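Close look at the chain arrangement
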Amino acid sequence: MPQTNKFKSAAASSAAQSAGPDRGEALRDPNAPPGDSDGDDNQGDPQIIKSPSDPKQYRYIELSSGLRALLISDLSGLDGKAEDEDDEDSEEEEEEAEVEEEEGDSGEGTDEECEEEGDSQDSDFEELDEDNERKKKKGSEKQSAAALCIGVGSFSDPSDLPGLAHFLEHMVFMGSEKYPSENGFDAFLKKHGGSDNASTDCERTIFQFDVQRKHFKEALDRWAQFFICPLMIEDAIDREVEAVDSEYQLAKPSDSHRKEMLFGSLAKPNHPMSKFCWGNAQTLKTEPKEKNINVYKRLREFWKRYYSAHYMTLAVQSKESLDTLEEWVREIFSQVPNNGQLKPDFSDQLSPFETPAFNKLYRVVPVRKVHALTITWALPPQEKHYRVKPLHYIAWLIGHEGTGSILSMLRRKCWALALFGGNSETGFDQNTTYSIFSISITLTDEGFQNFYEVAHLVFQYLKMLQTLGPQQRIYEEIQKIEANEFHYQEQTDPIEYVEDICENMQLFPKQDFLTGDQLMFEFKPEVISAALNLLTPEKANLLLLSPEHEGQCPLKEKWFGTQYSVEDIQQHWRELWAGDFDLNPSLHLPAENKFIATDFALKTSDCPDTEYPVRIMNNDRGCLWYKKDNKFKIPKAYVRFHLISPVVQKSPKNLVLFDLFVNILVHNLAEPAYEADVAQLEYKLVAGEHGLVIKVKGFNHKLPLLFNLIVDYLTDFSAAPDVFSMFAEQLKKTYFNILIKPEKLGKDVRLLILEHSRWSTIQKYQAVLDGLSVDELMEFVSSFKSELYAEGLVQGNFTSTESMGFLQYVTNKLQFKKLSVEVPVLFRVVELPQKHHLCKVKSLNKGDANSEVTVYFQVTALVKLKGCEDTHLGEEVDRNWTEVVTQQYVFDRLSREIDALKLMTKAELVNWFMEHRGQGNRKLSVHVVGYGVEENDPPSSKMSLYGEVSKLTFLSASTLMASATTITDIRAFTSTLNLYPYHKILK
């Protein structure tokens, strides 16, 4: 698939280079008649285009200091009226003590994790006894948010202090002259339901926060002081260096970060692409001391030189009028200093990879067990072509998964599992010195053995595209899909929205602040051809990752320690690719997409509207919950089903067969369902703890087509022997890659202790090592499909009658019997003894120094509430789906919890805390200990990275934990414990 979620490109504005006069401009709805404004705001020209479905109002202003700001007023409430000025929560309630809890899994993988299609899925929901979600207070306001982007990043690091820009991003938060408390801003946000973050890229640094609306102005003032007069206390330097070093240590085991650092090392000497942007204790503490470098002085100099108002773009969003927001921004941010110097410019340092080190084959030893081929081209900067987006057009074709595509051919040969192509929005991929275009292919064992043939197929497809030239039909199809999505886009969390917008303000002219990264504006074949014709074999660099390379790679990248080797591309292939090689006749362009929606009408309700989902179908084979959307009013819908089966949890082997079944089903669907995927109809199949979860969402017009397609392939499931072998081998790697992550291993150990009858990932790994057959898989699938309970939820732009069709299709196609016994959808939880227990195990990744500590208290849980309304339909659906999939059905749970918490006093909470702290509580600590000299481990260079992961090594407690009872045999410990009863709310 195309790698990009968004295409970032830049069209430099002169306003970013110099200070301008104060002025304000309102941003128009593109559907408004010429000359009409959005209300009481000033008319601006040119006017920024926004989505017709976007209720927000915008105003662009420039301060005399040169800082540019976009003001975003979100006044309309759910009924179109302004919200009350203040909510009813008192200051006393907000000052009540807070309880920290572990964040639950998001359910979404990272880009790196998603590169492996064979990944095993976590449960779609968390057990009620453990990870409490951050829940949202129904009916209250959205958070207010602000983000500021500075047009400077790690490219500006001095050569003798690598990572200084990143370090400064940390240090500016250490208090200000006006608010000197070192951690005062974080404490203020935490007290008022807010959060903050920051990131440093190659040429930009972004800061963002959100908070409850009534505290927004004060938060804005506190935050602005970091750019006006930060303290950057000298005594805090050593502490904050450790924080930067910790981020570096956490990044080291990431194959994607390691690939970036290795690739950057291929750039010309002294080019900013070759810099070590992370920074660590070595570059920011040890070496400066050895060289008598005053880091504190250099930090102050860097801040004074680069944190200048005319490099800054600001986006603020709140339920205030534009006039109020403008008053606040001018009052607070006019004090940001302007140093009058030109913005850093690296656009003269082009072609960083025109070096002898490029156009080679690099063999790399990865951290994970994965085979992957990455083909990369370094192109001239493409930012000026953002209205055409040539790389996005090319990526869409390269990443296509339908008939005639690269991945379709590779899958048929069982050579590849996934393909990602294009240019991401990161500064590493796209900056003023070059633009990257890369194609990354996750290979099977056989694909790894034939990686040159894989590369040849890629080059054949590119040659076909070059021969045919840019196709207007395809460009307009992509254009239509993305225009539909923009036109009917769902609102995002304010903090995410302002983060994107403030960066867009650095990249695009003001009329395109909201659309520049979203839309394809004009078809220019000559611009597309110019980029496409550079994607030739002789300009490509090949990076091949495989565990098979261990022991064969004598070179080591300086900062992340990646083992690699370099060699010339084989002469046979060099000569073939240099000539006029033949095209593969099976490769062709995609056909017209039948899944693109054309009907965007909002449905008329055929039953009374309800605040919560209601059950509209119910029998012994399943039930259906339904809620018509009349809040967000977009032509989209969400459909989710849980197919509950008694066979899934019978044994570790069954769990492995279930994972295989779901992965092969996804594989079988990939080609026929891909057109739906690119037409913004999303689907996801999850191997849940107790059954198969099917999720589809998108424009409701064609959504039934996609859902029915999935059910059809589920009904007629088949697994060819070569496909089975491919995924069985891949699953072995997947379990290995889960177990070598300390946070995953820690969670696995914790749940193995707490949840009765749970099977561990280690047991699943052992089951796949023991061997499986196609016959066993097909027998399992037959058993799975024979006896089910199908429970569904439909929300959005469907009538109740249309919604019933989804459950009817499932039951009619699958023809399953009712469950012979009820299948609980939650594990029973053990009752821990009233003392502190410790389970301490050694990490299974010998190359990872990171450790993981989890402390679990077993008590009546306190839910942390986040006081903001749903920003889009998906958030409401997620909350309702949790009730359905856990069979609790308390759809008004939030309001009930809020009512209960309002009755709780501060004194009661303190008494509760005092009662449950100390030695008499039910407390479990799980420690996963990393490798290092501190643990008396041998040097990593003397150990294989791919050690034994099929058993745990239990460690004794340290002297500091001597009072805890150590667990060294989990089954023996849990076998004597009582179980909490399985509970289900019946009424």
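What counts, and where the lines are drawn
Residues numbered from 1 in each chain as written. Predicted model: local features only at pLDDT ≥ 70, side-chain atom pairs only at ≥ 80, totals over all residues. Heavy atoms only, no water. Helix = DSSP H or I, 4+ residues; strand = E, 2+ residues; numbered from the N terminus. Buried < 20%, exposed > 50% of the residue type's maximum accessible area, 1.4 Å probe, protein only. Contact = heavy atoms within 4.5 Å. Areas by Shrake-Rupley, 256 points an atom, 1.4 Å probe, with all protein chains shown as cover. Salt bridge = Lys/Arg side-chain N within 4 Å of Asp/Glu carboxyl O. Pairing = 2+ DSSP bridges. Core = buried A, V, L, I, M, F, W, Y, C linked by side-chain atoms within 4.5 Å. pLDDT = per-residue confidence, 0-100. Axes fitted to C-alpha atoms, helices over the stretch in contact; angles between N-to-C directions. Phe/Tyr/Trp six-rings, centres within 6.5 Å; stacked < 30°, edge-to-face > 60°. Lys NZ or Arg CZ within 6 Å of the ring centre and 35° of its normal. Polar contact = N/O pair within 3.5 Å; in protein donor to acceptor, adjacent residues only side chain to side chain. Parallel < 35°, antiparallel > 145°, perpendicular 65-115°, else oblique. Nonpolar A, V, L, I, M, F, W, Y, C, P; charged D, E, K, R; others polar. Expected span 1.5 Å × (residues − 1). Patch = residues over 30% accessible without salt bridge, like charges linked within 9 Å, V, L, I, M, F, W, Y side chains within 5 Å. Disulfide = S-S within 2.5 Å.

**Quick word on the overall build of the protein chain**
Counting its regular elements, the protein chain contains 29 helices and 26 strands. With 987 residues in all, the protein chain has 57% of them scored as buried. Looking at the protein chain alone, contacts between residues at least 24 apart form 85% of all its contacts between residues at least 6 apart. Within the structure as shown, the protein chain displays about 40100 Å² of accessible surface, and the carbon and sulfur contribution to it stands at 49%.

**Description of the pattern of salt bridges**
Taken as a whole and assessed by the stated rule, the structure comprises 38 salt bridges. Note that arginine 204 is salt-bridged to glutamate 503, the shortest N-O span being 3.0 Å. Of the two residues, arginine 204 is situated in the loop between β6 (195–200) and β7 (205–211) and glutamate 503 in helix α16 (residues 494–507); the sequence distance between them amounts to 299 residues. Counted as one network, the salt bridges with shared partners bring together Arg59, Asp323, Glu326 and Arg330.

**Considerations on the pairing of strand β18 (residues 636–644)**
For β18, the tally of buried residues reaches nine of nine residues, placing the bulk of the element in the interior. Every second residue of β18 is oriented toward a common face, with Lys636, Tyr638, Arg640, His642 and Ile644 on one face and Ala637, Val639, Phe641 and Leu643 on the other, all of them buried. Inspection of the sheet shows β18 paired to strand β21 (residues 789–796) by eight bridges, in the antiparallel sense. In the strand pairing of β21, leucine 643 is matched with alanine 790.

**Quick notes on the pairing of strand β3 (residues 68–73)**
For β3, the tally of buried residues reaches six of six residues, placing the bulk of the element in the interior. Alternating residues of β3 divide into Arg68, Leu70 and Ile72 and Ala69, Leu71 and Ser73, and every residue in both groups is buried. Examined bridge by bridge, strand β2 (residues 57–62) and β3 share six bridges and lie antiparallel to one another. Each bridged residue has a counterpart across the sheet, and for tyrosine 58 the counterpart in β3 is isoleucine 72. Here β2 folds back onto β3, and the loop between the two strands holds five residues, one of which, glycine 66, carries a positive phi near 105°. Note that β3 and strand β8 (residues 312–318) share six bridges and pair parallel.

**Points about the nonpolar core**
Counting 98 residues, the largest nonpolar core has Leu643, Phe661, Leu777 and Phe784 as the members making the most contacts within it. With residues near it in sequence (within four places) discarded, leucine 777 still touches Leu657, Leu660, Phe661, Ile664, Phe717, Ala719 and Phe724. Counting 60 residues, the second largest nonpolar core, distinct from the first, contains Ala146, Ala236, Ile237 and Ala281.

**Some points on the confidence of the model for the protein chain**
A residue-level look at the protein chain finds 87% of positions with pLDDT of 70 or above and a mean pLDDT of 87. Low pLDDT (under 50) marks residues 861–867, which in the prediction has 27 contacts with non-local residues, meaning those over four places away or in another chain.

**Considering the sheet that holds strand β11 (residues 416–422)**
Backbone hydrogen bonds hold the strands of a sheet together, and the pairing may be parallel or antiparallel. The strand order across the open sheet built from seven strands is β11-β12-β10-β13-β9-β15-β14, with neighbouring strands paired in mixed fashion. Across the chains shown, the open sheet's two edge strands, defined by having one partner strand only, are β11 and β14 (555–556). Relative to strand β13 (residues 541–545), strand β10 (residues 371–379) runs antiparallel, the two being bridged by five bridges. Bridging across to β13, threonine 376 finds its partner in asparagine 541. Packed onto the sheet, helix α11 (residues 390–398) meets β10, β11 and β12 (435–443) and runs at close to 10° relative to β12. Lying on the sheet, helix α14 (residues 451–468) is in contact with β9 (361–364), β10, β12 and β13; it crosses β10 at an angle near 40°.

**A closer look at the packing of aromatic side chains**
Within the structure shown, the criterion is met by 50 aromatic pairs. For the ring pair tyrosine 488 and phenylalanine 600, a centre distance of 4.8 Å and an interplane angle of 20° mean the geometry is stacked. Placement of tyrosine 488 in the loop between α15 (472–487) and α16 and of phenylalanine 600 in the loop between α18 (571–578) and β16 (614–619) is noted, with a sequence separation of 112 residues between them. With relative accessibility at 19%, the residue tyrosine 488 sits in the buried group. An aromatic cluster is defined as three or more aromatic residues linked by ring pairs; in this entry it consists of Phe173, Phe185, Phe207, Phe209, Phe216, Trp223, Phe226, Phe227, Tyr307, Trp328 and Phe333. Just above the ring of phenylalanine 581 sits the side chain of lysine 463; from NZ or CZ to the centre is 4.5 Å. Just above the ring of tyrosine 931 sits the side chain of lysine 842; from NZ or CZ to the centre is 4.4 Å.

**Points about the sheet that holds β18**
Here we have six strands laid out as an open sheet, ordered β16-β17-β21-β18-β20-β19, and mixed in their pairing. Looking along the sheet, the strands with just one partner apiece sit at the ends: β16 and β19 (682–687). Neighbour-to-neighbour, the strand axes of this sheet turn through a mean angle of 10°, independent of strand direction. Most of the contacts of helix α20 (residues 703–715) go to strand β20 (residues 691–699), to which it runs at about 155°, and overall it touches β18, β19 and β20.

**A few points about unusual backbone geometry**
Its identity as a non-glycine residue notwithstanding, lysine 389 has a phi of 55°, on the positive side. Within the secondary structure, lysine 389 sits in the loop between β10 and α11. Here cysteine 414, not a glycine, exhibits a phi torsion of approximately 60°, which is positive. Within the secondary structure, cysteine 414 sits in the loop between α12 (406–412) and β11. Accessibility expressed as a relative area gives 5% for cysteine 414, which makes it buried.

**Topic: the environment of glutamate 567**
Checked against the element boundaries, glutamate 567 lands in strand β15 (residues 563–567). With a relative accessible area of 29%, glutamate 567 lands in the partly exposed category. Separated by 210 residues in the primary sequence, glutamate 567 and alanine 357 place their C-alpha atoms 9.7 Å from one another. Residues contacting glutamate 567, with those up to four places away along its chain left out, are Lys360, Leu361 and Arg363. For glutamate 567, the side chain forms a polar contact with the side chain of arginine 363, separated by 2.9 Å.

**Some words on the side chain of glutamine 887**
Residue position: glutamine 887 is located in the loop between α26 (873–885) and α27 (893–902). Polar side-chain contacts of glutamine 887 include one of 3.3 Å to the side chain of glutamate 791.

**A look at the packing of α14 against α18**
Contact pair α14 / α18: the axes reach a minimum separation of 12 Å and the direction vectors enclose 10°. Relative to α18, the element α14 lies roughly parallel. Along the contact surface, α14 presents Tyr452, Glu453, Ala455, His456 and Phe459, while α18 presents Trp573, Leu576 and Trp577. Within the contact of α14 with α18, the residues separate by chemical class into six nonpolar, one polar and one charged.

**Points about helix α5 (residues 216–228)**
With 13 residues, α5 should cover 18 Å at 1.5 Å per step; its first-to-last C-alpha distance of 18 Å lies within 8% of that length. Regarding α5, the residues found buried are Phe216, Ala219, Leu220, Asp221, Arg222, Trp223, Ala224, Gln225, Phe226, Phe227 and Ile228. As for α5, its buried residues are in contact with β5 (144–150), α4 (184–191), β7, α9 (295–306), β8 and α10 (322–333).

**Remarks on a nonpolar patch on the surface**
Together, Val853, Val855 and Phe857 line one region of the surface with nonpolar side chains, adding up to about 270 Å² of accessible area. Inspection of the secondary structure puts valine 853 in strand β23 (residues 852–857). Looking at valine 853, the relative accessible area reads 53%, which means it is exposed.

**Remarks on the environment of lysine 217**
Relative to the elements of secondary structure, lysine 217 occurs in helix α5. Sequence separation between lysine 217 and valine 329 is 112 residues, and the spatial gap between their C-alpha atoms is 9.2 Å. Residue contacts for lysine 217: discarding those within four places in its chain leaves Trp328, Glu331 and Ile332. Polar side-chain contacts of lysine 217 include one of 3.4 Å to the side chain of glutamate 331.

**Points about the side chain of histidine 690**
Its location among the elements puts histidine 690 in the loop between β19 and β20. Judged by relative accessible area, which is 7%, histidine 690 ranks as buried. Apart from residues lying up to four places away in sequence, histidine 690 is in contact with His642, Leu643, Ile644, Ser645, Val648, Gln649, Pro824, Val825, Leu826 and Phe827.

**Observations concerning the state of the cysteines**
Within the structure shown, the criterion is met by zero disulfides. No disulfide involves cysteine 202; its sulfur sits 6.2 Å from that of cysteine 277, the nearest cysteine.

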